[in-house]
Amino acid sequence: MSGQADVLTEGRVKRGDAGDGAPLGARVSRIDGMAKIRGAATYALEHRPAEMAHAVLVGSTIAAGKLRRLLDTSAAAAPGVRLILTADTMPDLRPVTNWLGVRGDKPYRALTHTITFQGQHIAAVVADTLEQATEAARLLKAEYDIAPAIADLDDSKVGPGTEVDAVAMAWGDADAALEAAPVKLQQEYATPREYNVPIEPHGLIAAWEGADRLTVWEPSQWIAFMTRTYAELFDLPFENVRLISPYIGGGFGSKAFVYPYGAIAAQAAKQLGRPVKLAVTRPQTFTAFGGRAETRQKVALGATRDGKLLAIRHRGLNETSVTDTWVERCGEVAALMYATPNFSSKHRVVPVNTVTPSALRAPGENPSAWAIESAIDELAYEVGLDPLEIRLRNYADHDHHADKPWSTRQLREAFAAGAERFGWSKRNPAPRSMRNGHHLIGWGVAAGMYPMRRTAGQAMVRILGDGGVEVVSAAIDMGQGTYTILAQTAAEALGVPVERVTVRLGDSTLPLAPVAGGSQLAGLMTGAVHKAALAARDELIGLGLNDPKSPFRDRQANTLPVADGRINGMEFGAFLQALGRDRIECLRDTFAENGISSDDPFKNYATITTMRAPTDGEVSVHSWCAHFIEVKVDEDFGTVRVSRVVSALDCGRIYNPKLAESQWKGGIIMGIGQALLEEGIVDPRNGRVINNNLGDYLIATNADIPEIEVISVGVPDPHASVLGGKGVGELPIVGVAPAIANAVFHATGKRIRDLPITLEKLIG
Amino acid sequence: MSDSMLSLSLEINGQRRVLEVEPRVTLLDALREHLGLTGTKKGCDQGQCGACTVHVDGQRVLACLTLAAQVEGRAVATIEGLGERALHPVQAAFLENDAFQCGYCTPGQIMSAVACIREGHAGSDDEIREYMSGNLCRCGAYPNIVAAIRQAAEASR
Amino acid sequence: MRNFNYLRAQTVDEAQRAAAQAGAMLLAGGTTLLDLAKCGVTAPETVVDITHLQGLDTIAYDNGGVTIGALAKMSTVAADRGIRDRYSAVSEALWQAASAQLRNMATIGGNLMQRTRCPYFRDPASFSACNKRNPGSGCAAIGGVTRNHAILGTSDTCIATNPGDLAVALVALDAEVILGARRVPADDFFLLPGATPEREHAIEPGEIITAIRIPESSTARNSTYLKVRDRQSYEFAAASAAVAMDLDADGLTVRDIRVALGGVATKPWRAHAVEAALKGKKLSREAIDQAAALATEGAVVQGDNRYKLALAPRVVARAIINLKLRGIA
């Protein structure tokens, strides 16, 4: 612990004599825990403004064509119905700015006659009660002019798509090296459509005050962006929109944007002059916004007979919608995980009639690892090497793509620690060599990585008249533990017990913050809070030394000790009272530390254009991990059960191991679901996601998950963040699916290259 | 279509609550929309996630597939009624073991866990896993949930 | 869902009269009625709550067997000592079904009446063609996504799988469904779709299930229910088997055997051919596998469900082996 403290103090942070037993790095229980375990945390749809009406969406039953007309013979007249918004009645809203900061010039149409995917919103029915709105929505029927639809990537009408040049990567001559390689391997790997499935479904409550002030209660991973979107849609100043999101029931990438139903709800509220709650039903969450796109990758490896890579040739593609482009970049892990003198990766996007895919935990890296970590495993068997050994043999000692050293890369340590705890050395290399009764047992390993994203942040820290400390930010907590680690950060900098710190988050009236995405929030917000808290501490000391009312004014000193909530032995509260002040307040940002211009801070919070690349600067900064997984496969049924997991992860310095471990386990569990269960299934005749509910789209249950052991092998990385931590949240899902597939191969001798690994693929 | 309304007298967390609702109103919506008890969560409204778990006459059930009318004359317990003065041991164990992250499935997990222990289905980790599988958690708090229930079950023995 | 009138029946008589009205549906646990009403598959005008009927939830043992009241909860029956000991397939089928919460809500009678999980049946808004919902309208499932659909008992009007677990165990144990005065063998209670897929149960308007009766037998005493699915829990069967077996003193020769399949047919599927092949035989691995292969006699693959052809016999074989080992233990 003192080692970590030393990194902190090294020329960057003035510690003075703040208390030992530093809160940051401690296993502090969640400070929002009490509210959550008592059912007292209020989520977006649980607010209850007076006179609230309920909106229910109606979706297209065709995947392509035109909505000719709605037949609302009974819907409009149904009991309690106040308003029906359709493509004909919903006004055009103003264009909005995207996450790259580009504002379109076309009006925003939340409801249109042109249908491009099954489930697209075609109307919203608003009534006094939820039951009335639901039933009236059911009565609304539509007539369509049906056009041929591209149901998915297997559809015969699917085109070749478009190459995404911006993500292509190459060095050396992969084609030639492959051609000449003594050992060659080429395979195709596929991942299906996958969904975020937060247990809190999407939705919002919109309430207007007059014609120009809008309040929105909506779960949000990106307060600044979503507030700005609402403001733009309705041509309001940013300050006239208030987005409130203190609690979010899971996001995993799906709650960072305003979707058309948000515009619809806000418009309905405006027209009705009543607050409107729009709850997206669980089945509707499969089409109201996108999850992870279906991907396909071709990986060719060329190697020596000793298993040294000579070439990697990678070709990837993902489905996108016919209206917008989402790139699920599949080359990232292939480019960085191993050392290879020759590399080529290209990626294209292929339009199909689906809702535009979007972000789901580790977009890009997740499917990328699926392919390369399966391929390298296949190579291991091809050349007769242990799968762990081949990974070590091809260890990349620097970033070959950016040609930069790693800032920190504890991947060897992760392999070593994980292998030791797992007992990997006892592994019999031959497939089908381990069994127990009817179960074939397999052990697999795979690595994962996630880039360090960094954006400037800001935070306000207050010392209050009662001696309490308050941290204030529009940053959010969706379960990653933001409330807690920010309290720990302020507590440490100010030398107060964590219990004395309250944290207010998730409100657009609070100091803005960047998106809780890309696993960046903890690093940037702890840095901002740390800075603001130290500033508050400095101000406290300055007042102590110089303020006319200070009891310590006559000290011949240039500093005063601050510890245990006291300045020079006097309680903060009493001290402020003596000064005649009710608070000290410091707002600080970290633009300077990130080398980002602070000319347009709003751009920093509401776009991703200032987000630093992981290779920004002289080093390449990523988190790393190694997963060791044991599976039991029933030899007759083909059912796969994960029986043991040991994962070792390098996320740099850990601010709160208790919470980080929960994130790690959570990501691993999501990876298990991805590997064995999750798949959006499309009816090829009509483009409908046929399993749009939690009984048919299967996520892991408690019974699917064994004990999971996670080991932290990270060391503080000052390049990654001021306080030394690297990204935590998305890393753990990366590499889990290939580790499981590798284990299944070891168990059965069957290599499955398309997820999920269901019994029907193994039963043979 | 019927326009019938019911006047229901319900016992929620030991308190008598009267409400006028249509017969089609579920217990879940009665709690969340009519009674201001939003601790019970709606995750799917189709009986597939367990987030809406409450107790009726001491048994854990799903409020989304229960009509409000059905529970008249029965005792309904929700998360708000658990550990009103002091934390229930299961709640304390959840906090200590970090058995939640976003917190949305948590009230359902806790109500389910309290009943699971009372049913005698918390005798081993495997039993806990199986008998808690009616409560989905996407954040992946399962191992910590199991640890919390094991701890609370042992304490109760 | 559409609003409805809500009545509480105080007597069985009252329940039967109310149930006979057009547009009336019985509400027991509510897990099927509310689920389907929310999907828009059903739209009752009157919901008759029968959960206050007295005396219909008992588990009564007598010399010949056990009579389980239709309103007994799945969880109560699953945990009942006598059921676990003497009709273990029933107990096992129950505790592996659904979730603990659903088992606390759902009744034995209601469970027998549950409808298919076919996504085309359950989504009237997207698929108007469903002969079950709307006789003569066609079948949207045929030619669609059919990995969970049936390989046995299908017709060209319907390929929907009966998803029940308990029903499979009851069919294997020669149970009877009691509808007041009338008694129907369980196997006859569930109907093949044939040309009338809208008729799933041999129950007339106005009838209610009042109890099930399971005869005591040496096979029932040594019975099991094996359920195989991709997810470890909270999922319907990819394939399941209820097996009840009476072995000779040598623990190897089959005196009597009952086999029924779940998850692969339009109704709980009694595998008579498997039974005939093993009755009187010695349980060698070969004999078991050969007999189990007969479980899918007459099966017709529908699109994506070919794996059930391989899976179902293996589930049968494993269930037999499990019972054989249990006998030895």
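Each value, and the rule that gives it
- Residues numbered from 1 in each chain as written.
- Chains lettered and ligands numbered in written order.
- Predicted model: local features only at pLDDT ≥ 70, side-chain atom pairs only at ≥ 80, totals over all residues.
- Heavy atoms only, no water.
- Helix = DSSP H or I, 4+ residues; strand = E, 2+ residues; numbered from the N terminus.
- Buried < 20%, exposed > 50% of the residue type's maximum accessible area, 1.4 Å probe, protein only.
- Contact = heavy atoms within 4.5 Å.
- Areas by Shrake-Rupley, 256 points an atom, 1.4 Å probe, with all protein chains shown as cover.
- Lys, Arg positive; Asp, Glu negative; His and termini not counted.
- Charge placed at Lys NZ, Arg CZ, Asp CG, Glu CD.
- Rg over C-alpha atoms; globule rule 2.2 N^0.38 Å.
- Pairing = 2+ DSSP bridges.
- Axes fitted to C-alpha atoms, helices over the stretch in contact; angles between N-to-C directions.
- Expected span 1.5 Å × (residues − 1).
- Domains from an automatic or database assignment.
- Buried area = accessible area lost by both parts, 1.4 Å probe.
- Salt bridge = Lys/Arg side-chain N within 4 Å of Asp/Glu carboxyl O.
- Core = buried A, V, L, I, M, F, W, Y, C linked by side-chain atoms within 4.5 Å.
- Polar contact = N/O pair within 3.5 Å; in protein donor to acceptor, adjacent residues only side chain to side chain.
- Phe/Tyr/Trp six-rings, centres within 6.5 Å; stacked < 30°, edge-to-face > 60°.

**With respect to the overall build of chain C**
Working step 1: Helices and strands together make up the secondary structure of chain C, namely 13 helices and 12 strands.
Working step 2: Overall size of chain C, expressed as C-alpha extent along the three principal axes, is 60 × 50 × 35 Å.
Working step 3: Residues classed as buried in chain C amount to 62% of the 329 residues present.
Working step 4: Taking the intrachain contacts of chain C between residues at least 6 apart in sequence as the baseline, contacts between residues at least 24 apart amount to 64%.
Working step 5: Total accessible area on chain C is roughly 11600 Å²; 50% of this is exposed by carbon and sulfur atoms.
Working step 6: Treating the 37 positive side-chain charges of chain C as one cloud and the 33 negative ones as another, the clouds have centres 4 Å apart.

**Some points on the overall build of chain B**
Working step 1: Helix and strand counts for chain B stand at five helices and five strands.
Working step 2: Going from N to C terminus, chain B has its helices and strands arranged as β-β-α-β-β-β-α-α-α-α.
Working step 3: In terms of C-alpha radius of gyration, chain B reaches 16 Å, essentially the compact-globule figure of 15 Å for 157 residues.
Working step 4: In terms of principal-axis extent, the alpha carbons of chain B reach across some 50 × 30 × 25 Å.
Working step 5: The burial tally for chain B puts 69% of its 157 residues in the buried class.
Working step 6: Expressed as a percentage of contacts within chain B between residues at least 6 apart in sequence, the contacts between residues at least 24 apart total 54%.

**A few points about the sheet that holds strand β12 (residues 241-244) of chain A**
Residue and element names in this part refer to chain A.
Working step 1: On the basis of which strands lie adjacent, the open sheet formed by seven strands has the order β3-β5-β1-β13-β10-β11-β12 and mixed pairing. Unpaired on one side and paired on the other, β3 (81-86) and β12 mark the two borders of the sheet. Neighbour-to-neighbour, the strand axes of this sheet turn through a mean angle of 20°, independent of strand direction.
Working step 2: For strand β11 (residues 213-217) and β12, the ladder comprises four bridges, and the chain directions are parallel. Bridge assignment links L214 to a residue of β12, and that residue is V241.
Working step 3: Relative to the sheet, helix α3 (residues 130-139) contacts β1 (53-59), β3 and β5 (121-127), its axis offset from that of β1 by approximately 20°.

**Concerning helix α11 (residues 482-494) of chain A**
Working step 1: Here α11 of chain A is 13 residues long and its end C-alpha atoms lie 18 Å apart, about the 18 Å a rise of 1.5 Å per residue gives.
Working step 2: Just past α11 of chain A, the residue G495 of chain A takes up positive phi, approximately 65°.

**Some remarks on the domain arrangement of chain B**
Quite often, the size of an interface is put as the accessible area lost when its parts meet.
All names here are of chain B.
Working step 1: Per the domain assignment, the segments of chain B are domain 1 (6-81) and domain 2 (89-156).
Working step 2: Inter-centroid distance (C-alpha atoms) of domain 1 to domain 2 is 21 Å.
Working step 3: Opposite the 16 residues of domain 1 that make contact, domain 2 presents 17 residues.
Working step 4: Of the roughly 1300 Å² buried between domain 1 and domain 2, counting both surfaces, carbon and sulfur atoms make up 53%.
Working step 5: Summed over the three residues of domain 1 that lose the most area to domain 2, namely H55, R60 and I79, the buried surface amounts to 46% of that side.

**Notes on the pairing of strand β4 (residues 59-62) of chain B**
Residue and element names in this part refer to chain B.
Working step 1: Where strand β3 (residues 53-56) and β4 come together, four bridges link them in antiparallel fashion. In the sheet register, H55 faces β4, and the bridge partner there is R60.
Working step 2: The turn joining β3 and β4, which pair antiparallel and follow one another in sequence, is formed by two residues; a positive phi near 50° is taken by D57.

**Section: the pattern of salt bridges**
Working step 1: Throughout the structure, instances matching the rule amount to 85 salt bridges over all chains.
Working step 2: With a closest N to O distance of 3.4 Å, E630 of chain A and R644 of chain A form a salt bridge. With E630 of chain A in strand β28 (residues 622-634) and R644 of chain A in strand β29 (residues 640-650), the pair connects residues that are 14 residues apart, well separated along the chain.
Working step 3: With relative accessibility at 9%, the residue E630 of chain A sits in the buried group.
Working step 4: The class of R644 of chain A is partly exposed, set by a relative accessible area of 27%.
Working step 5: Its salt-bridge partner being D187 of chain C, residue K267 of chain C comes within 3.0 Å of it at the nearest N-O pair.

**A closer look at the nonpolar core**
Working step 1: Core analysis: the largest hydrophobic core is formed by 291 residues, its most contacted members being L214, L379, F628, V631, I740 and I757 of chain A together with F94 of chain B.
Working step 2: Looking at this core element by element, the count peaks at 14 residues for helix α12 (residues 521-546) of chain A.
Working step 3: With residues near it in sequence (within four places) discarded, V631 of chain A still touches L440, I441, G442, V640, R641, V642, S643, I740, A743, V744 and A747 of chain A.
Working step 4: Counting residues in hydrophobic clusters, the runner-up holds 43 residues, among them A93, A97, V184 and I203 of chain C.

**Examining the interface of chain B and chain A**
Working step 1: Listed per partner, the contact involves 56 residues of chain B and 57 residues of chain A.
Working step 2: Of the roughly 4500 Å² buried between chain B and chain A on both sides combined, carbon and sulfur atoms contribute 55%.
Working step 3: The interface formed by chain B and chain A includes six salt bridges.
Working step 4: E46 of chain A is paired through a salt bridge with K41 of chain B; the nearest N and O atoms lie 2.9 Å apart.
Working step 5: Applying the counting criterion to the chain B and chain A interface returns 26 residue pairs in polar contact (both at pLDDT 80 or more).

**Examining the packing of aromatic side chains**
Residues and elements named next belong to chain A.
Working step 1: Within the structure shown, the criterion is met by 28 aromatic pairs over all chains.
Working step 2: Judged by centre distance (4.7 Å) and plane angle (55°), the rings of Y195 and F286 are tilted. With Y195 in the loop between β9 (183-191) and β10 (203-209) and F286 in the loop between β13 (276-279) and β14 (295-303), this residue pair connects regions lying 91 residues apart in the sequence. Across the pair, exposure class does not vary: Y195 and F286 are buried alike.
Working step 3: An aromatic cluster is defined as three or more aromatic residues linked by ring pairs; in this entry it consists of W99, W222, F225, F257, Y259, Y261, F289 and W326.

**Let's talk about the side chain of H746 of chain A**
Residue and element names in this part refer to chain A.
Working step 1: For H746, the position within the fold is in helix α17 (residues 736-748).
Working step 2: The class of H746 is buried, set by a relative accessible area of 0%.
Working step 3: Within polar-contact distance, the side chain of H746 engages the backbone nitrogen of W443 at 2.9 Å.
Working step 4: Those residues in contact with H746, other than ones at most four positions away along the chain, are Y381, R427, N428, P429, A430, P431, R432, S433, M434, I441, G442 and W443.

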